[in-house]
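Chain residues, written in single-letter form:
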Amino acid sequence: IAFKSCFPASDIRDAATLAQYQAWYLGMRDFFDTRTDRLFIVMSTPPLHRLATEATTAANARAFADWLCSDAYLSGHPNVRCFNLFDYLARQNDGSATANMLRYEYEGSHSDSDSHPNTLANQTVGPVFAEFMCNAASGY
């Protein structure tokens, strides 16, 4: 079972919101632990467009994605995997003004703030995600 939240969930403005997201996902993981007959693939949220966010919010979204894919969330839960969609779609955490935001080349428009990734992003990341799912399923 693979699932993700839509890009608005990357609007993590403060530490309290980040902690709330983590609490929700820990609750979901508690349920996943009761269903060891199923493999759960958690996808991190996609990043926001540079015109739809700011540095602190984008950094919090990266922190959430990193946490979902970390041992802190995954270790000891063999039926849970994480695909870091955020990392594939976001600019690196390089200290630039657009760090942790949707990569420029993946923006659907450079003049409006719609955070949906464009066709290039879909064509680039889609096969990577499909391979991840196949590998996770065959390894389970």
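Whatever comes next refers back to the structure up there.
What you are looking at is a predicted structure, and each value in this text was computed from that prediction instead of being measured.

Asker: Mind showing me how you'd approach the packing of aromatic side chains here?
Answerer: Each aromatic ring pair is characterised by the separation of its centres together with the angle its planes make. Counted according to the given criterion, the structure contains 13 aromatic pairs. Each ring, one from Phe3 and one from Tyr25, has its centre 6.4 Å from the other, and the planes form 20°; the classification is stacked. Taken together, the positions of Phe3 in strand β1 (residues 2–3) and Tyr25 in helix α1 (residues 15–34) put the pair 22 residues apart, joining distant regions of the chain. Cluster of aromatic residues (ring-pair linked, three or more members): Phe3, Tyr21, Trp24, Tyr25, Phe31, Phe32, Phe40, Phe64, Trp67 and Tyr73.

Asker: Would you explain the packing of α1 against helix α2 (residues 55–68) in this entry?
Answerer: In helix packing, the relevant descriptors are the interaxial angle and the interaxial distance, both defined with respect to the helix axes. With their axes 10 Å apart at the nearest point, α1 and α2 run at an angle of 25° to one another. Comparing the axis directions of α1 and α2 gives the class roughly parallel. When the axes of α1 and α2 are compared, the crossing they make is right-handed. Counted together, Leu18, Tyr21, Gln22, Tyr25 and Leu26 of α1 and Asn60, Ala63, Phe64, Trp67 and Leu68 of α2 form the full contact between these two elements. Here the contact of α1 with α2 is built from residues that sort into eight nonpolar, two polar and no charged.

Asker: Looking at this model, I keep getting lost on helix α5 (residues 119–138). Mind explaining?
Answerer: The periodicity of an α-helix, 3.6 residues per turn, causes residues three or four places apart in sequence to face the same way. Given a rise of 1.5 Å per residue, 20 residues ought to cover 28 Å, and the 28 Å separating the end C-alpha atoms of α5 matches this to within 8%. Of all the bends in α5, the greatest reaches close to 30° and is centred on Val125; the proline Pro127 follows between one and four positions later. Buried residues of α5: Ala121, Val125, Phe129 and Ala136, and no others. The inward-facing, buried residues of α5 abut β1, β2 (40–43), β3 (80–83) and α4 (85–89). The N-terminus of α5 is capped by Asn118, whose side-chain oxygen sits 3.1 Å from the backbone nitrogen of Leu120.

The rules we used
- Residues numbered from 1 in each chain as written.
- Predicted model: local features only at pLDDT ≥ 70, side-chain atom pairs only at ≥ 80, totals over all residues.
- Heavy atoms only, no water.
- Phe/Tyr/Trp six-rings, centres within 6.5 Å; stacked < 30°, edge-to-face > 60°.
- Helix = DSSP H or I, 4+ residues; strand = E, 2+ residues; numbered from the N terminus.
- Axes fitted to C-alpha atoms, helices over the stretch in contact; angles between N-to-C directions.
- Parallel < 35°, antiparallel > 145°, perpendicular 65-115°, else oblique.
- Left-handed = near helix turned anticlockwise from the far one by under 90°.
- Contact = heavy atoms within 4.5 Å.
- Nonpolar A, V, L, I, M, F, W, Y, C, P; charged D, E, K, R; others polar.
- Expected span 1.5 Å × (residues − 1).
- Bend = angle between axes of the 7 residues up to and from the residue.
- Buried < 20%, exposed > 50% of the residue type's maximum accessible area, 1.4 Å probe, protein only.
- Polar contact = N/O pair within 3.5 Å; in protein donor to acceptor, adjacent residues only side chain to side chain.

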